[in-house]
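# Coordinate inspection notes
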Amino acid sequence: MIDGGSQVRAMPERPRAARSLILATVFIDFLGIGLAYPVIPRLVQELMGSGIGEASVIYALLLSVYAITQFLCAPVVGGLSDRYGRRPVILGALFGLAVDYVLLSVAPTVWWLVLGRVAAGIFGATYTSANAYVADITPPERRAASFGVLGVTVGLGFIAGPALGGLLGAIDLRLPFMTAAAITLLNLTLGILLLPESLAPEHRRPLRFSRMNPVGAIRAVARFDVVLRLLPLFLTAQLVQQAVQALWVPYTTYRFGWSTAEVGVSFTVFAVGLILTQAGAVRPVVKRLGERRTLSVALVVMVAGMVIMGVAPTGAVMYAGILPYCAGLGLLGPAVQSSMSRALPRDEQGLLMGTITSLIAPTAIVAPPIANGIFALFIRPDAGLLVPGAPFFVASVLALLSFAYAVSRSESTERSSPSRLA
């Protein structure tokens, strides 16, 4: 990793300016990642000299390789940021991503793309460290709102990146990678010049290799009751999100006969709904209701949205379900993340964020086949009961069960320790 510089002041004197810088870093980073998405399938097809069917299999492999690498490496990144500070880890990750994009822009074979996805998974550390950075510089009572804004920033990067990547890819399939490399190098330069360190030396902790793997990291954060109670709810929300995204095209095509353009519009509505919720609703709702009640309201609203989408007889009703689903999901994630963050000391924020990032990856691996498998099972001609919306109903039940677990564990904790905060 690039040296963060011992002369860089820890704990920024101007937290608002530091927050703006880290948000800019995350936006530019995810813009660069999004640039590559539209062209990778076509580049695979070009390098293989095959049809879209064979290329789609390799493309799926590339997605899985990235997710698996993130799962294995995110706790390592979190541990390094707790030991050496957020700044050097972020800068090192940006340098690694820039090199990765350069290599992908000249990749002569598919195996270079596989290597590139592995490198992207290893160096895709800015989000993990950015979450820890935000926790460092934000008072506990305002973290939910800050995490929401961070989620908005990621969403904006993913919206702008693929759109720009598609335009550049129409000129040359390699051009998005070159552009991503240039943007990432710009991001790195801004970070070196302007990004202060957020974790003071006295708040850093020695490296413990037993925690720098997914299993060890989970054990380390699970000793905090709030984390043990809310982590299943967080993972369920991620499973639901991944499942709905993977199911959306086949479900809406089957139920309503939506065209590619109509599906694209609906995805835009999804993105805008999540962004508006996280940008404008998280802070006032959490301020008014508190994190615990916000979790309850968010879950009920999200489940209501999924039930509506599962029974929707028309596309218009489907859109009526999108809105509460996005509102609930947009509130749930930041509130859960903030509650867990408040339970851990400053020198373990990187460990927590690395664990969270690591655990998101398996949801991206298992949710799509499960959701689409349930969908296929319930629309078969020989199915005893034709229920196309079955995946939405199963997801709703899982969300309610994880919430019931969180509530029951909270009540148990309060009985054993009445003075302890939930």
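Scroll up a little and you will see the structure.
Okay, so let's go over this structure. Keep in mind it's a predicted model, so treat the numbers as computed, not measured. (Residues numbered from 1 in each chain as written. Predicted model: local features only at pLDDT ≥ 70, side-chain atom pairs only at ≥ 80, totals over all residues. Heavy atoms only, no water.)

### Observations regarding the environment of arginine 86
Residue position: arginine 86 is located in helix H4 (residues 86–105). Between the C-alpha atoms of arginine 86 and serine 129, which are 43 residues apart in sequence, the distance is 5.7 Å. Those residues in contact with arginine 86, other than ones at most four positions away along the chain, are Ser81, Ser129, Ala132, Tyr133, Asp136, Glu197, Ser198, Leu199, Arg346, Gln349 and Gly350. One polar contact links arginine 86 to aspartate 82, side chain to side chain, over a distance of 2.8 Å. (Helix = DSSP H or I, 4+ residues; strand = E, 2+ residues; numbered from the N terminus. Contact = heavy atoms within 4.5 Å. Polar contact = N/O pair within 3.5 Å; in protein donor to acceptor, adjacent residues only side chain to side chain.)

### Re the pattern of salt bridges
As enumerated under the stated definition, the model contains 3 salt bridges in all. Aspartate 136 is the salt-bridge partner of arginine 86, the closest N and O atoms lying 2.7 Å from each other. With arginine 86 in helix H4 and aspartate 136 in helix H6 (residues 126–137), this residue pair connects regions lying 50 residues apart in the sequence. Across this residue pair, the class does not change: arginine 86 and aspartate 136 are buried. Among the charged side chains, a salt-bridge network with shared partners connects Asp82, Arg86 and Asp136. (Salt bridge = Lys/Arg side-chain N within 4 Å of Asp/Glu carboxyl O. Buried < 20%, exposed > 50% of the residue type's maximum accessible area, 1.4 Å probe, protein only.)

### Things to note about the packing of aromatic side chains
Applying the stated criterion across every chain, the model contains 9 aromatic pairs. Seen in terms of ring centroids, tyrosine 254 and phenylalanine 375 are 5.7 Å apart; in terms of plane orientation they differ by 90°. Their pairing is edge-to-face. With tyrosine 254 in helix H10 (residues 225–256) and phenylalanine 375 in helix H13 (residues 349–378), the pair connects residues that are 121 residues apart, well separated along the chain. What links up through ring pairs into an aromatic cluster is the set Trp248, Tyr251, Tyr254, Phe256, Trp258, Phe270, Tyr319, Tyr325, Phe375 and Phe392. (Phe/Tyr/Trp six-rings, centres within 6.5 Å; stacked < 30°, edge-to-face > 60°.)

### Considerations on the nonpolar core
Among the nonpolar cores identified, the biggest contains 98 residues, and Trp248, Met306, Met318, Tyr325 and Met340 are the most heavily contacted of them. The greatest single-element share of this core, amounting to 13 residues, is contributed by H10. When near neighbours in sequence (up to four residues on either side) are disregarded, tyrosine 325 contacts Val240, Gln241, Val244, Phe270, Val301, Met302, Gly305, Met306 and Met309. (Core = buried A, V, L, I, M, F, W, Y, C linked by side-chain atoms within 4.5 Å.)

### Some words on the packing of H4 against helix H5 (residues 110–123)
For the pair H4 and H5, interaxial distance at closest approach is 9 Å and the crossing angle is 170°. Our classification of the angle between H4 and H5 gives roughly antiparallel. On H5, the residues that touch Gly92, Ala93, Gly96, Leu97, Asp100, Leu103 and Leu104 of H4 are Trp112, Leu113, Gly116, Arg117, Ala119, Ala120 and Phe123. Per-class residue counts for the contact of H4 with H5 are 9 nonpolar, 3 polar and 2 charged. (Axes fitted to C-alpha atoms, helices over the stretch in contact; angles between N-to-C directions. Parallel < 35°, antiparallel > 145°, perpendicular 65-115°, else oblique. Nonpolar A, V, L, I, M, F, W, Y, C, P; charged D, E, K, R; others polar.)

### A short note on a nonpolar patch on the surface
Among the surface-exposed residues, Ile68, Leu72, Ile365, Val366 and Ile370 lie close enough to one another that they form a single nonpolar patch of about 400 Å² accessible area. Going through the elements one at a time, helix H3 (52–84) and H13 are the ones with two or more residues in the nonpolar patch. If you tally residues by element for the nonpolar patch, the top one is H13, at 3 residues. Residue placement: valine 366 occurs in helix H13. Judged by its relative accessible area of 36%, valine 366 is partly exposed. (Patch = residues over 30% accessible without salt bridge, like charges linked within 9 Å, V, L, I, M, F, W, Y side chains within 5 Å. Areas by Shrake-Rupley, 256 points an atom, 1.4 Å probe, with all protein chains shown as cover.)

None of the figures reported here should be taken as evidence of function without further support.
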